[in-house]
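Each chain, letter by letter, is given below.
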Amino acid sequence: MDCFRLHKQLANGDPLFLTGVTFPSEYHASPETLVKLTVYDAKDKNQESSSLVGSATFSVGELLRAKDERLTLSLSSSASSVPRGIRAHGQNMKMSANAAPWYSDGACAAGTVVVSRLKMGEMEEVDVDHITTDVPSHKCPLVCESASHAGIDRENNPPTGPVFKNPICKVYRFQTEDSKWMLVREQMEECTLSFSVPKQLLSLYIQEDMSRVQDLRELGELSPHWDNLRKEVMTRYGGIISSYQETFAELDKITGRSFKPSCCKAQKSLQFIPINLHTQRMRVTCPKKTDAFYDIVTVGAPAAHFQGFKCGGLQRLLSRYEAEKKSFSTAYQCIYYSPQHTAKAQEVLSTMSLLQPLITSLAEQLLQAAQEHSCPGLRDALKNLSDKTEQFVHTLKDELVKSALLALHAARPGYVSKSQKQNPAQGGQHQGRVLQGAEQSPSPAQGLPGHSPATSTTDGTAMCNNVDGSQNPHPLMRGEGAPLKHQDSIPHHKEYDEEEWDRVWANVAKCLNCVIAMVDKLLEEDNSKQEPVPEQQQQQQQLADVIISHNPGTWKEQLCPLVTRLKECVMEVVEKARRGMTFVLLQEAACSIPQGFLLQQRRDVVFSQALAALACGFVMRLYAGMQDQGFLRQLHLVGLVAQFESLLSTYSEEIGMLEDMEVGISDLQRVLFQITEAQTDDFRDLQPLVCGRRDHFTVEVPLPRLVFQSLPAEIREGKPLRVFPVMFNVGINEQQTIAERFGDITLQERINQRNFETLEAYYKSLSEKLPLECLPSFQTQADLKELLETLGQNVVTKKRKNVEILWIAATICRRLNGIRFTSCKSAKDRTSMSVTLEQCALLRDEHQLSKDFFIRALDCMRREGCRIENVEKNIKCRKYAFNILQLMAFPKCYRPPEGTYGKVDS
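Because the structure is a prediction, the values reported are computed rather than measured.

Chemist: Help me understand helix α6 (residues 375-396) in this model?
Modeler: Note on helix geometry: an α-helix contains 3.6 residues per turn, so any two residues three or four positions apart are oriented the same way. Over its 22 residues, α6 extends 32 Å from the first C-alpha to the last, a length consistent with the 32 Å expected when each residue adds 1.5 Å. Residues of α6 that are buried in the fold lie against α5 (339-371), α7 (399-410), α11 (500-526) and α13 (555-592). For α6, the N-terminal capping position is held by S374, with its side-chain oxygen 3.0 Å away from the main-chain nitrogen of G377.

If you want it as structure tokens, here you go:
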């Protein structure tokens, strides 16, 4: 990017003031292009009053033809409109699409402005003798503004990715410890994934719930009790589907928008959209050094603002719900399944939906190879088919499936338990009703490991088949005789074979063995050279001989009946297992009415916001590390850590937000990423795609063909890439002061401790699988292990507003090639303080920013940088939403400069 710098020639050595003008891309450039600079003087850029200094006009050709590409221009007074602040305005008759911003160091009333040509990547040595550093801190070392792609150096700036738009750039020049000058650029962008990921998730949620409703319909005939529960659950699902479809339609109407401002955080139609999601990159150019880049993603805390926090957030609500669900199971006469069993049922359904079509496809590939008489193709197809079929059988070899099928059988109309047949006096007119009691024995699911005590012998629920749909009181309270014996409450039916399920899924393995034997036989016959046959192969060959004696013909003709039978057995298993797992989820849903459905909606909302932010950070990190082979190895061997920094307090509404955020970030463990080759290099074909269901999502990131071909083979082959989300929270505002002195901060302590353990485990895994030399090098030579130990000590230390936890965690994340996120309620005020502090700390620690410049650099970024632009984008006002009393409670380094804060609607 070519930049033009205007030097201010003053005897009093005032600091540098640089103002940028970006040439819009729709204009064309030529040497005759004229630029008019108008300079104003203002003490405070936020004030409307300013005084005219003067103006000067020159052409681009004059500058390029000048000696050393440097012009000295005299300022002359002229009448002009007065803008805010010190600005140099470029008024062009013709402007270049590739032209760069112009930098102005200002000018004195008497005099002159020096214009010179400067490239971002070629920092020159600057004579700084006439510049003093003893100046008021409110004056900025430099600000260059750019608000379009025309001001972005595409050659020297690594791409952020095709999902980012509307960049805002600010450029500063700061002095280093050795009296050199560094050039620092901030670039903030919006992300199209703010809307595209939530819309894709909504579509997947709708599909999943519609599929669940269809599965419930296909359960077949149920007794009146279960049928009534099914209808009620289907009605609830219908309500969610209708609500999500309405939200999707509203989002579909929005075009051209790529971020949700903080003032819309509680808007119903936008509740799935992350708040104020932006990326920010800081690029540092120092003399004779390679440019450095530091990325961060800022987003409002993922939380259900529309639903509110009166009763707390997800973490508290889910804990309370699990405790209460046991009593719900009694009220609704259901088996209570633990969260682990519910998750297992969802996993079985998900795995079946993936493996069944895959097995069918691989079976067709096997027949195709047989038709082509291809021995290598036959071997490869058989290996793939065997692997996936064995995985399928292993998934279904679970007692939960077997017990669920037995429970479903007991829920059919007219079912009579063994105990009722043995006790007709007790049964009588009540045959088939739910029996509950302190002495009643557990249901078939109760023997499973980890099953809830809710169905233990003390307060369990036997299988029910309420024929008339009525609700019956406790048998002992009805005085209907002695309680049932332990073994009698397990459902039995003379027509139901409890071993049937074992035979059904075992048939799949037998069919696969027949296919393997046949393929071995065919390959054996094709091999002209006979070799001694081992005993195991002899047994398979004998089996194949029996089969082939009844199936003479071509390879395909001989294999086709066996493959067809395999597919039929797989389909039979799928149908039975789907009904059993659907019945488990029906009982879980029935116990959840209505609270469980409301919690699921809340969790969907929070997860949508969290996933949009994660996908945004992953794409940015992937594009930034495309040339780093160590990073790519780490990506497919171990995965990436995604570190979320939260500044929420543990008091009032924000504790509910924190509880939402904790669950949302934890749910990101269910997400995998895959890199794919884009069909074309068109912008639309490079947008990430989300697929899957609630228990498991995959984000596919398409890359241009040439870029994709340069990746390691493991990534090109579609290896799933993991992300390890960790979250650290330290409240810094006045509400946190109240919480620490009079309230409860155990939630924050627990979050930090738990996530420290996750981060420590990630580092251990990384160090075992990858040499640490692959990680990026930093000027600060602190050992990663030492940093982790320090973080662990800070996590357990009782210290108020211990922001060192956040600083150390951020440092570890960057050292681990991780993805950095920073959040507060709206990612606007506290987040801005944190981001600017982190950037200046990096300049100090990694690029020797002069100590005299640190505070001025920090204030300059907060006053003139990208973050104040972010504030204006959100609330149409260049003021951080703080008051002086609030700031007294903030750690000093998180306080903005005078004149940049005030009472505003945020």
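Now that the structure has been shown, we can carry on.
Chemist: Any chance you could explain the environment of A810 here in plain terms?
Modeler: Relative to the helices and strands, A810 is located in helix α22 (residues 804-815). Exposure remark for A810: the relative accessible area of 5% places this residue in the buried category. Considered as a pair, A810 and Q643 are 167 residues apart in the sequence and their alpha carbons are 7.4 Å apart. Apart from the residues lying within four places of it in its own chain, the contact partners of A810 are Q643, R820 and E838.

Chemist: Would you take a moment to explain the packing of aromatic side chains for this structure?
Modeler: By convention here, two paired aromatic rings are described through the distance between centres and the angle between planes. Applying the stated criterion across every chain yields a total of 13 aromatic pairs. With a centroid separation of 5.9 Å and an interplanar angle of 90°, the aromatic rings of W181 and F853 are classed as edge-to-face. Of this pair, W181 sits in strand β9 (residues 181-191) while F853 sits in helix α24 (residues 851-864), and the two are 672 residues apart along the sequence. Summarising the burial analysis for this pair, W181 and F853 share the class buried. An angle of 45° between the planes, with centres 5.9 Å apart, marks the rings of Y205 and Y244 as tilted. Remark: Y244 occurs in helix α3 (residues 224-252) and Y205 occurs in helix α2 (residues 193-217); sequence separation between them is 39 residues. The residues Y205 and Y244 share a single accessibility class, namely buried. One aromatic cluster is present, formed by Y205, Y244, F272, F607 and F697 through successive ring pairs. Over the ring of F853 we find R856; its NZ or CZ atom is 4.0 Å from the centre of that ring.

Chemist: What am I meant to see in the side chain of D295 here?
Modeler: Within the fold, D295 resides in strand β11 (residues 292-298). One polar contact links D295 to R281, side chain to side chain, over a distance of 2.7 Å. Setting aside residues up to four positions removed in sequence, D295 forms contacts with Q280, R281, M620, A624, R814 and R820.

Chemist: Can you help me understand a nonpolar patch on the surface in this one?
Modeler: Residues Y651, I738 and F742 make up a contiguous nonpolar surface patch of roughly 320 Å² in combined accessible area. You can see I738 is positioned in helix α19 (residues 734-742). By relative accessible area, I738 is classed as partly exposed at 31%.

Chemist: Hey, could you run me through the layout of surface pockets in this one?
Modeler: Sizing a probe to match a water molecule and rolling it over the atoms shows the empty space that remains. Estimated volume of the largest pocket: approximately 1200 Å³. Contributing to the lining of the largest pocket are 41 residues, with A343, Q346, R670, R694 and D695 lying nearest its centre. Counting residues per element, the ones that place at least two in the lining of the largest pocket are α2, α3, α4 (314-331), α5, α6, α13, α14 (595-624) and β15 (696-703). For the lining of the largest pocket, the element with the most residues is α5, which contributes 11 residues. For the lining of the largest pocket, the residue count by class is 16 nonpolar, 10 polar and 15 charged.

Chemist: Could you clarify how one ought to interpret the confidence of the model for the protein in this entry?
Modeler: In low-pLDDT segments, the atomic positions of the prediction should not be examined closely. When the pLDDT values of the protein are averaged, the result is 79; 73% of them are 70 or greater. The low-confidence segment residues 78-110 (pLDDT under 50) makes 139 contacts with residues lying over four places distant or belonging to another chain.

Chemist: Looking at this structure, how should I read the packing of α14 against helix α16 (residues 653-667)?
Modeler: With their axes 9 Å apart at the nearest point, α14 and α16 run at an angle of 65° to one another. Taken together, the axis directions place α14 and α16 in an arrangement best described as roughly perpendicular. α14 and α16 meet at a crossing whose hand is right-handed. Contacts between α14 and α16 involve R602, R603, V606, F607 and A610 from the former and D660, V663, G664, I665 and D667 from the latter. For the contact of α14 with α16, the residue count by class is five nonpolar, one polar and four charged.

Chemist: Quick question: what am I supposed to make of the pattern of salt bridges here?
Modeler: Here the idea is simple: oppositely charged side chains can pair when their charged atoms come close. This model, assessed by the stated rule, comprises 35 salt bridges. When the shortest N-O distance is used, the salt bridge between D227 and K231 registers 3.5 Å. You can see D227 and its partner K231 sitting in helix α3, four residues apart, about one turn around the helix. Exposure remark for D227: the relative accessible area of 18% places this residue in the buried category. A salt bridge links E872 to R878; the shortest N-O distance between them is 3.0 Å. For E872, a relative accessible area of 25% gives the class partly exposed. For R878, a relative accessible area of 9% translates into the label buried. Here the salt bridges share partners, and the residues they tie into one network are E208, D209, R212, D604 and R694.

Parameters at a glance
Residues numbered from 1 in each chain as written. Predicted model: local features only at pLDDT ≥ 70, side-chain atom pairs only at ≥ 80, totals over all residues. Heavy atoms only, no water. Helix = DSSP H or I, 4+ residues; strand = E, 2+ residues; numbered from the N terminus. Expected span 1.5 Å × (residues − 1). Contact = heavy atoms within 4.5 Å. Polar contact = N/O pair within 3.5 Å; in protein donor to acceptor, adjacent residues only side chain to side chain. Buried < 20%, exposed > 50% of the residue type's maximum accessible area, 1.4 Å probe, protein only. Phe/Tyr/Trp six-rings, centres within 6.5 Å; stacked < 30°, edge-to-face > 60°. Lys NZ or Arg CZ within 6 Å of the ring centre and 35° of its normal. Patch = residues over 30% accessible without salt bridge, like charges linked within 9 Å, V, L, I, M, F, W, Y side chains within 5 Å. Areas by Shrake-Rupley, 256 points an atom, 1.4 Å probe, with all protein chains shown as cover. Salt bridge = Lys/Arg side-chain N within 4 Å of Asp/Glu carboxyl O. 1 Å grid on protein atoms, 1.4 Å probe; cavity = no way out; pocket = protein on both sides within 12 Å on 5 of 7 lines; lining within 4 Å. Points joined across faces, edges and corners; volume = space filled by probe spheres on them. Nonpolar A, V, L, I, M, F, W, Y, C, P; charged D, E, K, R; others polar. pLDDT = per-residue confidence, 0-100. Axes fitted to C-alpha atoms, helices over the stretch in contact; angles between N-to-C directions. Parallel < 35°, antiparallel > 145°, perpendicular 65-115°, else oblique. Left-handed = near helix turned anticlockwise from the far one by under 90°.

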